[in-house]
Amino acid sequence: MNFAAVDCGTNSTRLLIADETGKRLVEQLKITRLGEGVHANRNLLPEAIRRTCDALHEFRELIEHHEVDAKRAVATSAVRDATNSEQFLEQASESLSAAVEVISGTEEAALTYAGATTTFGQDRWHLVIDIGGGSTELVLGRHAEVLFAESFDLGCVRLTEQFLRDDPPAASQLESARMSIEQAIGESQLLAVIKNHVPDLIAVAGTATSLATMDLGLELFDADAVHGHIMSLDSIDALHRTLVAQSTLQRTSSVMPAGRAEVIVGGTVILLSAMRMLSQRCCTVSTADLLTGLVFALVNKTE
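I will try to describe carefully the structure that is included in this document. The structure presented is a predicted model; accordingly, all values stated were derived computationally and were not measured.

With that out of the way, let us pick up the overall build of the protein chain. Scanning the protein chain for helices and strands turns up 15 helices and eleven strands. Its C-alpha atoms give the protein chain a radius of gyration of 18 Å, within 12% of the compact-globule value 19 Å for 303 residues. Across its three principal axes, the protein chain shows a C-alpha extent of roughly 50 × 45 × 40 Å. Out of the 303 residues belonging to the protein chain, those deemed buried represent 55%.

Pasting the structure below:
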């Protein structure tokens, strides 16, 4: 049996087709910037909707070709925030020929945790950080049980549009971004909860996988090499210092497309700030995330 999961994220639109064991058959990622301008005007732009729907139409053909037994498509932060979300959902569902639904930050966090921890030891506490375009989820759990989950309005696109307006960003802009992250996490109950546990930090999504690719010195993205790679706080800080000194054009490469190069600094600031506040000296990168969680939820539903 084959299953398909689609994620209409703030920065990228992604597809995963996998079998009942979780073996990946098809993976696609398109930088569509659905959340472009949402933080400022609370509306999804017509061009951003078009880019995303074009990607969904391509995904529809792949899903039909693989004759999947079940599928689920979700939209996250940008669509949660937009006042014209219904317009997007209608067009997106037509393009995909399947319902596209908005999920809450809490459900997004739980699904991401389920996906991210599938290949790691279940006997330890895990803290999963998912840095998306519009939001960041932090989830603490053990085995299949989630003890704490929170979605923060902190994402690499949102932070870039709000604070990092210069290219490369000014030191004052980076400081303002860092302070906003520290304030948001500082107001959360997570800091109190985490004191009673010593979790392993797992980082998922494009910021983490891009940094791991750089840390490994790869010229092309290699999911097998990136998955499970451990990055120290010092290594991430060194990469951050390199990235903030470069323009978007200078950051753009074969392993970092322009859409990622524009927002990688914002994502790195989030990761560094969160790790420091949560006293995490390293993180393990996982290429399994929300999409994997969606697939396994579909598998469990059909059993």
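What follows covers the nonpolar core. One finds Leu127, Ile129, Leu138, Leu211, Ile236, Val265 and Leu271 to be the most contacted residues of the largest nonpolar core, which totals 42 residues. It is helix 14 (residues 264–277) that contributes the most residues to this core, eight residues altogether. Other than its neighbours up to four places away in sequence, Ile129 contacts Thr136, Glu137, Leu138, Leu201, Ile202, Ala203, Val204, Leu271 and Ala274. Counting 26 residues, the second largest nonpolar core, distinct from the first, contains Ile49, Phe59, Ala78 and Phe88.

To continue, consider the sheet that holds strand 3 (residues 24–31). The five strands lie next to each other as 3-2-1-4-5, forming an open sheet whose pairing is mixed. Edge positions in the open sheet fall to strand 3 and strand 5 (100–102), since each of these has one partner strand only. The average undirected angle you get between the axes of adjacent strands in this sheet is 15°.

Look at helix 9 (residues 206–216) against helix 14: their axes get within 9 Å of each other, and the N-to-C directions meet at 95°. By the criterion of interaxial angle, the relationship of helix 9 to helix 14 is roughly perpendicular. Residues Thr207, Ser210 and Leu211 of helix 9 form the contact with helix 14, whose participating residues are Ile264, Gly267, Thr268 and Leu271.

What follows is about the state of the cysteines. All chains considered together, the criterion is met by zero disulfides. Unpaired in terms of disulfides, Cys53 finds its nearest cysteine sulfur in Cys8, a separation of 8.0 Å. For Cys53, a relative accessible area of 8% corresponds to the buried category. Here Cys156 stays unpaired: no disulfide links it, and the sulfur of Cys283, its closest cysteine neighbor, is 15 Å away.

Calculation rules
Residues numbered from 1 in each chain as written. Predicted model: local features only at pLDDT ≥ 70, side-chain atom pairs only at ≥ 80, totals over all residues. Heavy atoms only, no water. Helix = DSSP H or I, 4+ residues; strand = E, 2+ residues; numbered from the N terminus. Rg over C-alpha atoms; globule rule 2.2 N^0.38 Å. Buried < 20%, exposed > 50% of the residue type's maximum accessible area, 1.4 Å probe, protein only. Core = buried A, V, L, I, M, F, W, Y, C linked by side-chain atoms within 4.5 Å. Contact = heavy atoms within 4.5 Å. Pairing = 2+ DSSP bridges. Axes fitted to C-alpha atoms, helices over the stretch in contact; angles between N-to-C directions. Parallel < 35°, antiparallel > 145°, perpendicular 65-115°, else oblique. Disulfide = S-S within 2.5 Å.

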